[in-house]
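Chain by chain, the residues run as shown.
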Amino acid sequence: MKAKRIVAALMCLNLCLTAAACGNKEDNSSKEGSSSAVETTVSEAEESTEETSETEGNTDVIENDTDYNVVKTFWKSNIPDTLKENEEDASEGGDYSTNVFEALDRNEEVERSVKIEVTKEDSMDYRRGIISYDIDLKDYADGKVDTVTLGGMDFVKIEREYWGETSIVFMARYEASQMSVTIKVTGDADSEDIQSVLNTIEFTLPEGTETDAPYPWDGEPLITEAGTVQIGSYNLTAKQIIASESILPNDIFDNRVAVVDDTMYALSDYHLYILKVNGTEAELQETVELEDDYGQMSCDENCNVYVSGFMGSLLVYRDGKQADAPEGEDQFVISRDGSFGVEYFTSPDKVNKVTINSDGTASREILPVDTSIISMVSDVFITKDYILISGSSADDNRHRLFMFDHNGNYLKTLADEENDSLGSITGAVQTDNGILAVDGNMRTVILWDNDGKYIGEVNDGDLFGTNYPWISGLMQTKDGNIYVSMVEERTDKSWDEMIMFQLDSDF
């Protein structure tokens, strides 16, 4: 580019000396036209010797920022006056920026807009964004997804219609500096002003030498160093159950586990994985693709596993195969003896006790949960003697574990050491000595005695050898064995992995 400008300057001196001496000035449009013509001539003259290089993410097509009317930290472009920046939606920091430009109609309503976001993020977050637009990650990795080039970067182009509004999303990744770029256009993407932004944008992303993590299928399975801890006078020992094939969820929540005899069921992301357990190993037998987003799973002592979810038909599995199920379209958990279950969503006054009849049908009645005690239901667990409801307290809206008998009569509230809020109880079982629960949000295992008195807790790292997982499930077999499921980011950051543990204790 510098060579071009030197030659251009010499040509101007030879051909335009008189005009220059007279002090004639050109306006911006004629200047741009002359520059273009001169550079074209120079390009043709130097075509045989000039080398062209492109650097992804940091391409200087126009050398000076003065050639652009909008210059931001990570990009620059020529943006017509018909698009006005919405400064209220703008944000900028050392490793991110968001800018929105809008064209308004006569009623001051947004007619079309372009939003440009640049952020530093790891490859897993960027790939989750790709998946969120229903793009197969394997196809993306294999280069089977169509791309367009904007400002020297290759963007995936996604066309969407949401609530009657058409939008086009462009997504690109600059691996060297771990930067991701998203451009979202709403309204008429073919309008001249929007096209001007897309056609003139250039990116000034920082250089770097970083590399993205492996893709999930190339990553290393997560194996932790679980151990033994003491809570009060009780010992707890965790042993990881290693699956023959990694379970890699997109959603870290509601990944549940159930074990019946030597069969393990793992519920994760529209799939039910059925495995055979042998000691600390689990061999995958079958993967069942589910039509609905199921998030709850429980089992009785009759070898029946109940899979449920909001607005999803209740499913039952027995001996690794689907069996007949009573009607139900809500979250559902079964009692230990299989005689009844509890159906719930979030409202405490709409919790149903569901009796399982001998002919396989179900009868429902309202479980009289005291709404002066609990204001919102998060999860329900049924033990030998209790119905345990995790949720928000009516008096202070803090999260606690509420204990009811099987008829819905309130007994007591379980809280933390200071009788204050818990994080998010995602599983609870009853032992001879009290209640053992997992707190997904606080990443802890907690014990209370039979009187509801807090005994103590242990964090995930000390017991499971993990590093800030979401603990999403806890279950107890008819033999009293306890299993825990959670989702943890792999060490190589290739993806999150669902991992399972057997928890032995003298509690």
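Scope of this entry: the structure provided in the associated data block. Given the structure is predicted, the values throughout are model-derived calculations rather than measurements. (Residues numbered from 1 in each chain as written. Predicted model: local features only at pLDDT ≥ 70, side-chain atom pairs only at ≥ 80, totals over all residues. Heavy atoms only, no water.)

## Description of the overall build of the chain
Then comes step 1: Looking only at helices and strands, the chain has seven helices and 36 strands in total.
Then comes step 2: When burial is assessed residue by residue, the chain has 47% of its 507 residues classed as buried.
Then comes step 3: For the chain, long-range pairs separated by at least 24 residues make up 48% of all intrachain contacts whose partners lie at least 6 apart in sequence.
Then comes step 4: Total accessible area computed for the chain in this model is approximately 25700 Å², and 43% of it derives from carbon and sulfur atoms. (Helix = DSSP H or I, 4+ residues; strand = E, 2+ residues; numbered from the N terminus. Buried < 20%, exposed > 50% of the residue type's maximum accessible area, 1.4 Å probe, protein only. Contact = heavy atoms within 4.5 Å. Areas by Shrake-Rupley, 256 points an atom, 1.4 Å probe, with all protein chains shown as cover.)

## Considering the sheet that holds strand β19 (residues 304-309)
Then comes step 1: Taken in spatial order, the four strands make up an open sheet running β18-β19-β20-β21, and their pairing is antiparallel. Of all strands in the sheet, those with a lone pairing partner are β18 (296-299) and β21 (321-323), marking the two edges. Each strand axis lies, on average, 30° off the axis of its neighbour in the sheet, ignoring direction.
Then comes step 2: When strand β20 (residues 312-318) meets β21, the two strands line up antiparallel, connected through three bridges. Bridge pairing links Val316 to Ala323 in β21. (Pairing = 2+ DSSP bridges. Axes fitted to C-alpha atoms, helices over the stretch in contact; angles between N-to-C directions.)

## Points about the sheet that holds strand β24 (residues 352-356)
Neighbouring strands of a sheet are bound in pairs by backbone hydrogen bonds; such pairs are parallel or else antiparallel.
Then comes step 1: The four strands lie next to each other as β22-β23-β24-β25, forming an open sheet whose pairing is antiparallel. Edge positions in the sheet fall to β22 (331-334) and β25 (362-366), since each has one partner strand and no second. Put simply, the sheet's adjacent strands are angled 25° from each other on average, direction ignored.
Then comes step 2: For β24 and β25, the ladder comprises five bridges, and the chain directions are antiparallel. By the bridge assignment, Asn352 is partnered in β25 with Ile366.

## Quick look at the pairing of strand β8 (residues 153-162)
Then comes step 1: Alignment of strand β7 (residues 147-150) against β8, held across four bridges, turns out to be antiparallel. Within β8, the position partnered with Thr147 by the bridge is Val156.
Then comes step 2: Once β7 ends, the chain turns through two residues before running back antiparallel as β8, passing Gly151 with a positive phi of about 60°.
Then comes step 3: Across seven bridges, the pairing between β8 and strand β9 (residues 165-174) is antiparallel. Of the residues in β9, the one forming a bridge with Glu159 is Ile168.

## Remarks on a nonpolar patch on the surface
Then comes step 1: A contiguous nonpolar patch, built from Phe310, Met311 and Phe345 and spanning about 320 Å² of accessible area, is present on the exposed surface.
Then comes step 2: When you line up the elements, Phe310 lands in the loop between β19 and β20. (Patch = residues over 30% accessible without salt bridge, like charges linked within 9 Å, V, L, I, M, F, W, Y side chains within 5 Å. Salt bridge = Lys/Arg side-chain N within 4 Å of Asp/Glu carboxyl O.)

## As for the side chain of Asn255
Then comes step 1: Among the structural elements, Asn255 can be located in the loop between β13 (234-243) and β14 (256-260).
Then comes step 2: For Asn255, the residues in contact, after removing those within four places along its chain, are Pro249, Leu267, Ser268, Asp269, Ser472, Gly473, Ser485, Val487 and Met498.

## Structural notes on the environment of Ala362
Then comes step 1: Position of Ala362 among the secondary structure elements: in strand β25.
Then comes step 2: Spatially, the C-alpha atoms of Ala362 and Gly328 are 8.7 Å apart, while their sequence positions differ by 34 residues.
Then comes step 3: Excluding residues within four positions of it along the chain, Ala362 makes contact with Pro326, Val354, Thr355 and Asn357.

## Digging into the pattern of salt bridges
Then comes step 1: Enumeration over the complete set of coordinates arrives at 21 salt bridges.
Then comes step 2: As a salt-bridge pair, Asp193 and Arg112 come within 2.7 Å of each other at their nearest N and O atoms. Within this pair, whereas Asp193 is found in helix α6 (residues 192-200), its partner Arg112 is found in strand β6 (residues 110-120), the two being separated by 81 residues in sequence. Side by side, Asp193 and Arg112 carry an identical accessibility label, which is buried.
Then comes step 3: With its nearest N and O atoms 3.1 Å apart, the salt bridge here joins Asp379 to Arg256. Residue Asp379 is located in strand β26 (residues 374-382), and its partner Arg256 is located in strand β14; the two are separated by 123 residues in the primary sequence. Neither residue differs from the other here; Asp379 and Arg256 are each classed as buried.
Then comes step 4: Put simply, Asp396, Arg398, Arg400 and Asp420 are held in one network by salt bridges that share partners.

## Considering α6
Then comes step 1: Taken residue by residue, α6 has Asp193, Ile194, Val197 and Leu198 as its buried positions. Taken around the axis of α6, the buried residues stretch over an arc of 135°, which confines them to a single face. Along α6, exposed side chains directed more than 90 degrees from the buried face belong to Glu192 and Asn199.
Then comes step 2: Where α6 is buried, its residues touch β2 (75-77), β5 (96-104), β6, β7, β9 and β10 (179-186). (Arc of directions from axis to C-beta.)

## Brief notes about the packing of aromatic side chains
Then comes step 1: Overall, the coordinates contain 10 aromatic pairs when judged by the stated rule.
Then comes step 2: Considering the side-chain rings of Tyr215 and Trp217, the 5.1 Å spacing of their centres and the 10° angle between planes classify their relative orientation as stacked.
Then comes step 3: Summarising the aromatic geometry, the rings of Tyr234 and Phe507 are spaced 4.9 Å apart at their centres and angled 80° between planes, so their arrangement reads as edge-to-face. Of this pair, Tyr234 sits in strand β13 while Phe507 sits in the segment after β36 (496-505), and the two are 273 residues apart along the sequence. Of the two residues, Tyr234 and Phe507, both sit in the buried class.
Then comes step 4: When the ring centre of Tyr215 is taken as reference, the NZ or CZ atom of Arg127 above it lies at 3.8 Å.
Then comes step 5: The ring of Trp495 carries Arg128 above its face, with NZ or CZ at 4.5 Å from the centroid. (Phe/Tyr/Trp six-rings, centres within 6.5 Å; stacked < 30°, edge-to-face > 60°. Lys NZ or Arg CZ within 6 Å of the ring centre and 35° of its normal.)

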